[in-house]
Amino acid sequence: MVCALIPTLTLTACTSSNGQASNDGRPLVLTTFTVLADMTENIAADRVRVASLTRPGAEIHGYEPTPDDLVRGQDADLILENGLGLEAWFAQFTERVEAPTAVLTEDVETIPISSGDHQGEPNPHAWMSPANALTYVDNIQAALTELDPEGADDFARAAQDYKDQIREVSTYLDSELAEVPDNARALVTCEGAFSYLARDADLTERYLWPVNAEREGTPQQIAAVADFVRDNDVPTVFCESTVNDGAQQSVIRETGARMGRTLYVDSLSEADGPVPTYLDLLRHDAEAIVEGLTTT
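Now for a description of the structure that goes with this document. Owing to the predicted nature of the structure, the values given are computational and were not obtained by experimental measurement.

Details of the overall build of the protein
Thinking step 1. A count of helices and strands for the protein gives 9 helices and 8 strands.
Thinking step 2. Since a compact globule built from 296 residues should have a radius of gyration of about 19 Å, the 19 Å found for the protein is in line with a globular shape.
Thinking step 3. Principal-axis analysis of the C-alpha atoms gives the protein an extent of 60 × 40 × 35 Å.
Thinking step 4. Evaluated residue by residue, the protein yields a buried proportion of 53% over its 296 residues.
Thinking step 5. Pairs at least 24 apart in sequence give 64% of the contacts found in the protein among residues at least 6 apart.
Thinking step 6. Per element, the accessible surface of the protein, about 13,000 Å² overall, is 46% carbon and sulfur.
Thinking step 7. For the protein, the distance from the average site of its 18 positive side-chain charges to the average site of its 51 negative ones is 2 Å.

A short note on the environment of Ile 111
Thinking step 1. Structurally, Ile 111 can be placed in the loop between strand S4 (101–103) and helix H4 (130–147).
Thinking step 2. Through-space distance from the C-alpha of Ile 111 to that of Pro 124 is 8.5 Å; in sequence the pair is 13 residues apart.
Thinking step 3. Setting aside chain neighbours within four positions, we find Ile 111 in contact with Glu 121, Pro 122, Asn 123, Ser 195, Tyr 196 and Arg 199.

Remarks on the packing of aromatic side chains
Thinking step 1. A full pass over the atoms with the stated rule returns 5 aromatic pairs.
Thinking step 2. Note on Phe 33 and Trp 127: the rings are 4.9 Å apart at their centroids and 55 degrees apart in plane angle, and the pair reads as tilted. A residue pair is termed long-range when its members are at least 10 positions apart, and Phe 33 in the loop between strand S1 (28–31) and helix H1 (34–43) and Trp 127 in the loop between S4 and H4 qualify at 94 residues.
Thinking step 3. The class of Phe 33 is buried, set by a relative accessible area of 0%.
Thinking step 4. Ring geometry for Trp 89 against Phe 93: centres 6.2 Å apart, planes inclined by 80 degrees, an arrangement best described as edge-to-face. Here the two residues Trp 89 and Phe 93 agree in accessibility, since each one is buried.
Thinking step 5. Taken together, the aromatic side chains of Tyr 63, Trp 89, Phe 90 and Phe 93 make up a single cluster linked through ring pairs.

Parameters at a glance
- Each chain has its residues counted from 1, following the order in which its sequence is written.
- Predicted model: local features are reported for residues with pLDDT of at least 70 only, side-chain atom pairs are reported and counted for 80 or more only, and whole-chain, interface and lining totals are derived from all residues.
- Neither water nor hydrogens contribute to the side-chain values; these are computed over all heavy atoms in the structure.
- Secondary structure elements follow DSSP: runs of H or I of four or more residues count as helices, runs of E of two or more count as strands, with numbering from the N terminus.
- Each radius of gyration reported is based on C-alpha atoms, and the globular scaling rule is 2.2 Å times the count of residues to the power 0.38.
- Buried means the residue's accessible area, taken with a 1.4 Å probe over protein chains only, is under 20% of the maximum for its type, while exposed means over 50%, and partly exposed covers the values in between.
- Residue contacts are defined here by distance: any two heavy atoms, one from each residue, within 4.5 Å place the two residues in contact.
- In this description, accessible areas are obtained by the Shrake-Rupley approach with a 1.4 Å probe, and a residue is regarded as covered only by the protein chains that are shown.
- Residues counted as positive are Lys and Arg, residues counted as negative are Asp and Glu, and His and the chain ends are not counted.
- For this purpose, a charge sits on NZ of Lys, CZ of Arg, CG of Asp or CD of Glu.
- Each Phe, Tyr or Trp ring, with Trp reduced to its six-membered ring, pairs with another whose centre is within 6.5 Å; inter-plane angles below 30 degrees give stacked pairs, above 60 give edge-to-face pairs, and intermediate values give tilted ones.

Structure representation (structure tokens):
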């Protein structure tokens, strides 16, 4: 069993359970999904209100904004997006609102998608790398400072503290994943959302589909992953919380591999769930991966 080496980090957000920030006169910053909202809240230093357009557990790629989202967009002073094609719906959404936007993946060294309809495009899941997360923090700090210049010092202090916490998680990831033997260093998932984490941790990545889409879990995808699992004696495969694991269950039936603990990528959980914060998400996934690759 893998034990966490980092104390649980808690976050007190100024958003209600439905993702709507209470109006108390501070500027409203919207983010496209919950991970970005949590990161922003850690840097906001209580100077702005933060809310996520999508709710905990939502699948971000094919999200369809609601009329309520448009209302919140009209009230927003700033909207933060991931970019890299993650939010395919975002351009149409911002056509209807006047708030300025900022892309949080500026200056991230991207990894191209290797297959499928999006081959050659940058993999959008850059936040899954703690190293990349430091760039996200810098971009959030810059966007908040432009919105509220008087808060520059507060944002800078909060950003530095948050980056220190992210580095602690990164150290934990490095130390725990370093124990995984070379012949087991393969991360097999449903979606190709772990390219950046795999690069950081020197893991070979395989997945059923590169980006969530309607054509998920085709016979060809299942056969290719099953062949890889058999050929490399991969003990454990994984699937993410926002997708159906049926195709991965087919891989298990064909290979005898086991299903690891659910991984989290595109969305945080509710406050009483397993990954209520971004740092919890990174820690949970690292523990699940180490456990899956080291348990015989």
